[in-house]
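Each chain, written out:
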Amino acid sequence: MPIQQANWSPYDNNGGTCVAIAGADYCVIAADTRMSTGYNILTRDYSKIIQLADKSVMASSGFQADVRALQKVLEARHLVYQHQHNKQMSCPAMAQLLSNTLYYKRFFPYYSFNVLGGLDSEGKGCVFTYDAVGSYERVGYSSQGSGSTLIMPFLDNQLKSPSPLLLPAKDAVTPLSESEAVDLVKTCFASATERDIYTGDKLEILVLNAEGIRREYMELRKD
Amino acid sequence: MFRNQYDTDVTTWSPAGRLFQVEYAMEAVKQGSAAIGLRSKTHVVLASVNKANSELSSHQKKIFKVDDHIGVAIAGLTADGRVLSRYMRSECINYSYSYESKLPVGRLVVQLADKAQVCTQRSWKRPYGVGLLVGGLDESGAHLYYNCPSGNYFEYQAFAMGSRSQAAKTYMERKFETFTESSRENLVKDALFALRETLQGEKLTSSICTVAVVGVGESFHILDKETVQALINEFEIAGEEEAPANEAAPQDQGGDAQAGAADQGPTDQGVAPMDI
């Protein structure tokens, strides 16, 4: 009998892509709703986005069982925070909590690739991007998941300030309006859906601004 | 009742079969400032008198939100109350985490009662010196429970605890039959009337009381000062309440024991309070 190798893994990859873009007074967080395993689709209608606090929204791709477990832990921790501080957690505070929660399982990680979006205490949009063990950074925009390799270079092209080496010195790229950012996100996903087999079905977009939170959906290719 | 040789340890029985330390703990509840609760089919109202030590200090917090569907009012050693509120919050959060649903009120009060009982059977502990009025909503409707330092708990239509609470009880005993079908507004008004009874003539203003409501479609929340003052103005201008109706029936309708037990005077040497 040939030598057999252990082949059970505690992890699975359910695919999917997440994007977040921060604006001067808004934040756009988006993710597709396809959940897959291997070459099969489990469902076309699964939300990867959760609102953790008034001004914090998290989108996560990867292993959805771990994503759900992570969401529950953060929800419970937020309740404790509210009881202790008598107020909602700010987005930067939630960002640190998420990082600590991920690192807590450094040696059996949450297979979860997260982007956290929201408004900071000044009302400006903020986006935090993470790896699976909690390394994080505040950025103006980010994408995670199976389509991120296709989307991130495109966002860099559209949003990143030109190199400081270029002369004459050029200002940062003109900041986007809220509707321009939403359109950009839709474009990203439409393109990613074309070439990434794990991205598609439907796009869920959340927009956070001073008025509150708004949800929008867009159909994507289902193949 | 006081100063006898069997009251040093909570683990020492008296010859009459009483645990005096537990009874002394219940005395502490009676010394606290008043807190009352009443419920209808769809709402529970908790109200408390908030006396500050001096003009310079802030008021003692006596009503705590435990979860969206449960709140608690305390009387007695407020530090013990704060600690137990934290325990209750933690239990609600853990239950929600495990079962993705709200902790039924009846389950929470049993856990609380068991926790209190532990302190009546350990020589290195002392009983909690706080009475808790737990008001909440779950699938089986609106509930109001009273948790005792002895580890006993009862469900009530209406209850009052703390100093001069008998006056509030008398008021509620006259009116409790109307509470089940009462509207939310009338329930809050009745709570304020009952609370006023405990002040013995002192003027009721929103600065010395706290009112909280939980109900169908309404998360537990403490009413803000302006709302409370507006309600007080509404009925104080309306004048005195009508004359007492029929003779008082037992407060608790569920066939549970007499509410009067908790308010027994020192002269009653008969039934031990926690025996009921």
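Residues numbered from 1 in each chain as written. Chains lettered and ligands numbered in written order. Predicted model: local features only at pLDDT ≥ 70, side-chain atom pairs only at ≥ 80, totals over all residues. Heavy atoms only, no water.

1. Some words on the overall build of chain A
Convention followed: A run of H or I in DSSP becomes a helix once it reaches four residues, and a run of E becomes a strand once it reaches two; helices and strands are each numbered from the N terminus. Accessible area is worked out with a 1.4 Å probe on protein chains only. A residue is then buried under 20% of its type maximum, exposed over 50%, and partly exposed in between. We get accessible surface area from the Shrake-Rupley algorithm with a probe of 1.4 Å; when it comes to residues, only the shown protein chains can shield them. Counted charges follow a simple rule, with Lys and Arg positive, Asp and Glu negative, and His plus the chain ends left uncounted. For charged residues, the charge sits on one atom: NZ in Lys, CZ in Arg, CG in Asp, CD in Glu.
Regarding its fold elements, chain A presents 4 helices and 12 strands. Across its three principal directions, the C-alpha atoms of chain A cover 70 × 45 × 35 Å. Counting the 223 residues in chain A, one finds 45% classified as buried. Carbon and sulfur atoms form 53% of the exposed surface of chain A, whose accessible area is close to 11,800 Å². Distance between charge centres in chain A, computed from 21 positive and 24 negative side chains, equals 4 Å.

2. Concerning the nonpolar core
The nonpolar side chains of a soluble globular protein tend to be buried, and buried together. Residues and elements named next belong to chain B. Rules: The term nonpolar core refers to a set of buried residues drawn from Ala, Val, Leu, Ile, Met, Phe, Trp, Tyr and Cys, joined through side-chain atoms within 4.5 Å. Note on contacts: a residue pair is in contact if any heavy atoms of the two residues lie within 4.5 Å.
Counting 31 residues, the largest nonpolar core has Ile36, Leu38, Val45, Met172, Val188, Leu192 and Val211 as the members making the most contacts within it. Among the elements that make up this core, the one with the highest residue count is helix H5 (residues 184-197) (7 residues). The contacts of Leu192, once residues within four sequence positions are left out, are Leu204, Cys209, Val211, Val228, Leu231, Ile232 and Phe235. Val10, Ile63, Ala73 and Leu137 belong to the second largest nonpolar core, which has 24 residues in total.

3. A look at the confidence of the model for chain B
Residues and elements named next belong to chain B. How we decide: The quantity known as pLDDT measures the predictor's confidence residue by residue, on a range of 0 to 100.
Per-chain confidence: chain B averages 86 in pLDDT, with 84% of residues scoring 70 or above. pLDDT under 50 marks residues 238-276. Its contacts with residues more than four places away, or in other chains, come to 64 contacts. For this predicted complex, the interface score ipTM comes out at 0.88, alongside a pTM of 0.86.

4. A word on the interface of chain A and chain B
Short version of the rule: Salt bridge, as applied in this entry: a Lys or Arg side-chain nitrogen positioned within 4 Å of an Asp or Glu carboxyl oxygen. In protein, a polar contact means a hydrogen-donor-capable atom and an acceptor-capable atom, both N or O and within 3.5 Å, with residues adjacent in sequence counting only if both atoms are side-chain atoms; elsewhere, any N or O pair within 3.5 Å suffices.
The partner chain B presents 6 residues to the 8 residues of chain A that form the contact. The tally of links between chain A and chain B comes to 2 salt bridges. With a closest N to O distance of 2.8 Å, A:Lys72 and B:Glu100 form a salt bridge. Our enumeration of links across chain A and chain B arrives at 3 residue pairs in polar contact (both at pLDDT 80 or more).

5. Structural notes on helix H4 (residues 178-195) of chain A
All names here are of chain A. Where we set the bar: Residue count minus one, scaled by 1.5 Å, sets the expected span of a helix.
Here H4 is 18 residues long and its end C-alpha atoms lie 27 Å apart, about the 26 Å a rise of 1.5 Å per residue gives. Within the span of H4, buried status applies to Ala181, Val182, Leu184, Val185, Lys186, Cys188, Phe189, Ala192 and Thr193. Where H4 is buried, its residues touch strand E1 (17-22), strand E2 (26-32), helix H3 (148-159), strand E11 (202-209) and strand E12 (212-219).

6. Overview of the packing of helix H2 (residues 78-99) of chain B against helix H3 (residues 105-118) of chain B
Residue and element names in this part refer to chain B. In plain terms, the rule: Lines fitted to C-alpha atoms define the axes, with helix axes restricted to the stretch in contact, and inter-axis angles between N-to-C directions lie between 0 and 180 degrees. The labels follow the angle: roughly parallel below 35 degrees, roughly antiparallel above 145, roughly perpendicular from 65 to 115, and oblique for the rest. Should the near helix be turned counterclockwise from the far one by less than a right angle, the crossing is left-handed, whereas a clockwise turn marks it as right-handed. Each residue gets one label: Ala, Val, Leu, Ile, Met, Phe, Trp, Tyr, Cys and Pro are nonpolar, Asp, Glu, Lys and Arg are charged, and the others, such as Gly, are polar.
Viewed as axis vectors pointing N to C, H2 and H3 meet at an angle of 135°, and their least axial separation amounts to 11 Å. With respect to their mutual orientation, H2 and H3 come out oblique. Between H2 and H3 the crossing geometry is right-handed. Contacts between H2 and H3 involve Leu84, Tyr87, Met88, Glu91 and Cys92 from the first element and Leu108, Gln111, Leu112 and Lys115 from the second. Looking at side-chain class alone, the contact of H2 with H3 contains 6 nonpolar, 1 polar and 2 charged residues.

7. Here's the deal with the side chain of A:Lys48
Note on placement: A:Lys48 falls in the loop between strand E4 (40-43) and strand E5 (49-53). A distance of 3.0 Å separates a polar side-chain atom of A:Lys48 from the backbone oxygen of A:Asp32.

8. What to know about the sheet that holds strand E1 (residues 35-39) of chain B
All names here are of chain B. To keep things clear, this is the line we draw: At least two bridges found by DSSP between two strands are what make those strands a pair.
The strand order E8-E1-E2-E9-E10 describes an open sheet built from 5 strands, whose pairing is antiparallel. Across the chains shown, the open sheet's two edge strands, defined by having one partner strand only, are strand E8 (158-161) and strand E10 (218-222). Geometrically, the sheet is characterised by an average inter-axis angle of 10° between neighbouring strands, direction not taken into account. Pairing of strand E2 (residues 43-49) with strand E9 (residues 209-215), which is carried by 7 bridges, proceeds in the antiparallel orientation. Looking across to E9, one finds that Val44 is bridged to Val214. Here helix H4 (residues 165-175) sits on the sheet in contact with E1 and E8, set at roughly 165° to E8.

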